[in-house]
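Structural overview for review
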Amino acid sequence: MQTLKLNGHHMPILGLGTWKSAPGEVYTAVKEAIKIGYRHIDCAAIYGNEKEVGKALKECFDEGVVTREELWITSKLWNNMHGEKNVIPALEKTLSDLQLDFLDLYLIHWPVAQKKLFVGASKAPHFLSLEEQPIAGTWKGMEQAVELGLTKCIGVSNFSIKKLKDLVANSSIKPVLNQVELHPYFQQDELVDYCRSNNIHVMAYSPLGSSDRPEGLKAKDEPVLLEDKAINELAKNIKATVAQTIIAWDIHRGISVIPKSVNPGRLKQNFEAADVQLSESDMETIKQVNKNRRYVDGQFWVVPDGPYTIENLWDE
Ligand code: A2P
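The notes below deal with the structure included here.

About the criteria used
- Residues numbered from 1 in each chain as written.
- Predicted model: local features only at pLDDT ≥ 70, side-chain atom pairs only at ≥ 80, totals over all residues.
- Heavy atoms only, no water.
- Helix = DSSP H or I, 4+ residues; strand = E, 2+ residues; numbered from the N terminus.
- Polar contact = N/O pair within 3.5 Å; in protein donor to acceptor, adjacent residues only side chain to side chain.
- Contact = heavy atoms within 4.5 Å.
- Buried < 20%, exposed > 50% of the residue type's maximum accessible area, 1.4 Å probe, protein only.
- Pairing = 2+ DSSP bridges.
- Near = heavy atom within 4 Å.
- Areas by Shrake-Rupley, 256 points an atom, 1.4 Å probe, with all protein chains shown as cover.
- 1 Å grid on protein atoms, 1.4 Å probe; cavity = no way out; pocket = protein on both sides within 12 Å on 5 of 7 lines; lining within 4 Å.
- Sits in = over half its atoms within 2 Å of the grid points.
- Nonpolar A, V, L, I, M, F, W, Y, C, P; charged D, E, K, R; others polar.
- Right-handed = clockwise from strand over helix to strand, strands pointing away.

A look at the side chain of N49
The topology assignment puts N49 in the loop between β4 (40-42) and α2 (50-62). Within the structure, N49 has its side chain in polar contact with the backbone oxygen of T18 (distance 3.0 Å). Discounting chain neighbours no more than four positions away, the residues touching N49 are T18, S21, P23, V26 and A44.

What follows is the structure, encoded as structure tokens:
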């Protein structure tokens with residue numbers, strides 16, 4: 001498996017996503033994935049399943065299936081724990097749930113701050129603006145996490161080029177990675193180019209289009225990525241599945257990718273995508289299907305009289 005080098009640490013380019021994996025399913029999925037050969041698991045406190053992931057990890061260690069050092073574990077700071085003093089307690093809770101002593105990568109989940117009391121936020125008073133709660137303050141807490149050995153690397157998620165630039169200019173430890181929505185319908189060329197030239201890796205979430213998102217996060221009549229005609233044709237030609245073709249496209253671009261599955265057959269299929277070869281002409285075919293369309297558009301952070309808008313969230 002190809003790895004990407006983050007701060008001198010090797011991260012397998014393909015990992016397992018756990019967003020939307022229900023408690024009850026994620027335990028089996030993680031155990032099965034590790035058995036198949038996955039060595040990179042993407043987690044987050046807000047997914048509500050870190051305890052189960054932790055149980056699966058512990059059993060894999062105890063059973064001698066894998067060692068901690070062989071795994072790459074990422075998790076993310078939730079929005080209600082922004083602020084220098086909140087980061088370490090939030091990370092300690094995640095470590096305790098995952099039954100780990102350290103993470104490989106800890107990310108700021110969103111450039112969106114909520115008051116500590118509100119894990120969920122749906123009204124203006126639940127939020128803090130980035131003027132009230134600057135990212136730079138939160139980042140100081142993230143840097144302390146590295147200094148304390150609680151995580152090897154730190155990064156962000158859902159950050160625009162503008163926010164990355166501000167952060168890079170105001171940090172001692174630079175973000176090593178930005179995890180963003182990225183797939184053939186939302187290829188993010190500009191962001192990928194900026195990150196490449198600034199030594200920031202990109203990780204693709206919702207790489208298969210996340211069609212298992214809750215209905216409230218779906219637009220009416222949205223195009224279904226896995227049904228794309230051109231990618232289906234290409235997949236047939238190269239004798240791969242559509243999901244494998246998309247995962248291979250990410251890997252070919254040097255982008256880390258974390259497809260979610262709780263199905264043993266699809267876990268294996270997705271893992272084997274690392275061996276799927278694409279020609280430059282295949283890459284071009286996929287390039288042509290771009291619709292510049294987000295599935296996870298951040299609209300849920302936009303509430304009446306609240307501090308966040310689609311414009312100030314994505315800086316577009
Ligand atoms: P399941 O968990 O039942 O396998 P994303 O990674 O973009 O969030 O997409 C996850 C969705 O894609 C889930 O509904 C998942 O279902 C499905 N999925 C994962 N792998 C495959 C695959 N190889 N083929 C088809 N659907 C897949």
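Some points on the pairing of strand β1 (residues 3-6)
Covered by surrounding structure in β1 are L4 and L6 only, the residues T3 and K5 on the alternate face being uncovered. In the sheet, β1 pairs with strand β2 (residues 9-12) via 4 bridges, with the strands oriented antiparallel. Across the sheet, residue L6 finds its bridge partner in β2, namely H9. In sequence, β1 turns back onto β2 through a hairpin of 2 residues, with N7 there showing a positive phi of about 55 degrees.

Things to note about the site of the ligand
In the vicinity of the ligand there are 17 residues, among which L208, S210, S261, R266 and Q269 approach most closely. A distance of 2.5 Å is found between an oxygen atom of the ligand and a side-chain nitrogen or oxygen belonging to S210. N270 is positioned with one of its side-chain polar atoms (N or O) 2.8 Å from a nitrogen atom of the ligand. Against a free-state accessible area of 570 Å², the protein chains account for coverage of 85% of the ligand. Assessed atom by atom at 2 Å from the grid points, the ligand resides in the largest pocket. Considering each element in turn, the shell around the ligand owes the most residues, 3 residues, to helix α9 (residues 264-272). Class assignment for the residues of the shell around the ligand results in 6 nonpolar, 7 polar and 4 charged.

A few points about the pairing of strand β6 (residues 103-108)
In terms of burial, β6 is largely enclosed, as 6 of its 6 residues are buried. The pairing of strand β5 (residues 72-77) with β6 spans 4 bridges and is parallel. By the bridge assignment, T74 is partnered in β6 with L105. Between the parallel elements β5 and β6, the chain passes through helix α3 (residues 84-98) in a crossover that is right-handed.

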